[in-house]
Amino acid sequence: MKCKKCSNTAVIHLRQHNTAYCGEHFVDYFEKRVEKTIDEYSMFKKDSKILVAVSGGKDSMTLWYVLTKLGYKTDGLIIDVGTGNILFDLLSQFADKIGSRLISVDAKKYLGGLTVPEIARIIRRPTCSICGSVRRYLMNKTAFENNYDVVATGHNLDDEVSFLLGNLLSWNLGYLRRQAPFMPRTHHKLVGKSKPLVWLTEKEIYTYALLNKIPFDSEKCPFSKNASSLKYKRVLNDLEVDQPGTKLRFYKQFQRLELFKTDLVELNECSVCGYPTTSEKCSFCRMRERVEDALGKQKN
Ligand SMILES: [Zn+2]
Ligand SMILES: [Zn+2]
């Protein structure tokens, strides 16, 4: 197959766009697509201060790289929740290479010295849900305290459509409403969140990472095995093979729904930590209290 732009040998065939590109033209296409996503949803501007949540995986490393290459002002944030090896060396070397800065946060400091898997065991909750809640909380806290305009995460099209399908199957409108590619700041202590890679698939991101020699760790989190999201991804991949463009259509049409235009719920400040919440205490502080209760009971 040949590149549609220059007739050199293509490195990737994008059936959903009925096209194919050589390395050089694919990189060009990819970067334009990221810019277009940022503009389409008014995520941020060239002078915005952006905090990129990085794990060392291909999506977040690619996001960090491409935003920096496109001239955005980024710093990387790594949160150590204690679920496995933390790729500090890989990330700090990469930060130096792309002229960015790495901020590292140890979640234990905010969790009474406990790791996320320890907390999950103590209060008998799934590790993934505790992990997600701790990460969201610390990401926002770090961004707010360091005056960032917006947080960026590496969610890709495959992540988003699998989440969409899962939540549609149970009509979980509350979760769906919070799935927008860009959530603007609705409270001065709640920093905006953006997902600039939502129009790109895993395959596209992987190809871009290889072409640009972006280092990444392909190890999956040991706690995410058998997650139902993998089943949804498989189903959606089958549909995509049959009808190229299904994922993009599913995602883009969803964003047009009135769902996001309804008024947002009112936010209070948590009575313990002061960060925004819809209740009297935020979910992070309630989780900490449950841990203290459970540990107290063990002692008695
Ligand atoms: Zn070409
Ligand atoms: Zn709180």
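Preceding block: the structure.
Residues numbered from 1 in each chain as written. Chains lettered and ligands numbered in written order. Predicted model: local features only at pLDDT ≥ 70, side-chain atom pairs only at ≥ 80, totals over all residues.

Asker: Tell me about the overall build of the protein chain, residues and numbers included.
Answerer: Of regular secondary structure, the protein chain possesses 11 helices and 10 strands. Relative to its length of 300 residues, the protein chain is compact, with a C-alpha radius of gyration of 20 Å against a globular reference of 19 Å. In terms of principal-axis extent, the alpha carbons of the protein chain reach across some 75 × 45 × 35 Å. Across the 300 residues in the protein chain, those meeting the buried criterion constitute 33%. Taking contacts inside the protein chain between residues at least 6 apart in sequence as the whole, the part at least 24 apart equals 67%. (Helix = DSSP H or I, 4+ residues; strand = E, 2+ residues; numbered from the N terminus. Rg over C-alpha atoms; globule rule 2.2 N^0.38 Å. Buried ≥ 20, exposed ≤ 12 C-beta atoms within 10 Å, placed from the backbone. Contact = placed C-beta atoms within 7 Å.)

Asker: Account for the environment of Thr115, with residues named and values stated.
Answerer: Structurally, Thr115 is set in the loop between strand S5 (102-106) and helix H4 (116-123). Sequence spacing of Thr115 and Cys131 is 16 residues, and the spatial spacing of their C-alpha atoms is 9.5 Å. Beyond its immediate stretch of four places on either side in the chain, Thr115 contacts Val81, Gly82 and Lys108.

Asker: Describe in detail the sheet that holds strand S7 (residues 182-183), supporting the description with residues and values.
Answerer: Here we have 6 strands laid out as an open sheet, ordered S5-S4-S3-S6-S8-S7, and mixed in their pairing. Of all the strands in the sheet, just S5 and S7 have a single pairing partner and so form its edges. Two elements, strand S3 (residues 49-53) and strand S4 (residues 73-80), share 5 bridges in a ladder whose sense is parallel. Across the sheet, Ala53 pairs through a bridge with Leu77, a residue of S4. Its contacts with the sheet put helix H2 (residues 58-69) on S3, S4 and strand S6 (150-152), and the angle it makes with S3 is roughly 160°. (Pairing = 2+ DSSP bridges. Axes fitted to C-alpha atoms, helices over the stretch in contact; angles between N-to-C directions.)

Asker: Can you break down the nonpolar core residue by residue, with the values?
Answerer: Counting residues in each nonpolar core, the largest one holds 61 residues, and the members touching the most others are Ile50, Val52 and Val151. With 7 residues, the single largest contributor to this core is helix H5 (residues 127-145). If you count residues domain by domain, this core takes at least three from each of domain 1 (34-216 + 227-264) and domain 2 (266-300). (Core = buried A, V, L, I, M, F, W, Y, C linked by C-beta atoms within 7 Å. Domains from an automatic or database assignment.)

Asker: Give a description of the pairing of S4 that names residues and reports values.
Answerer: By the criterion of burial, S4 is predominantly enclosed, with 6 of the 8 residues buried. Between the parallel elements S3 and S4, the chain passes through H2 in a crossover that is right-handed. Here S4 runs beside S5; their pairing, made up of 5 bridges, is parallel. When the sheet's bridge partners are listed, Ile79 is paired in S5 with Val105. (Right-handed = clockwise from strand over helix to strand, strands pointing away.)

Asker: Could you give me a rundown of the environment of Ser104, with the residues and numbers involved?
Answerer: When you line up the elements, Ser104 lands in strand S5. We classify Ser104 as partly exposed; it has 15 C-beta atoms within 10 Å. Sequence-distant contacts of Ser104, that is, excluding residues within four places in its chain, are made with Ile78, Asp80 and Phe88.

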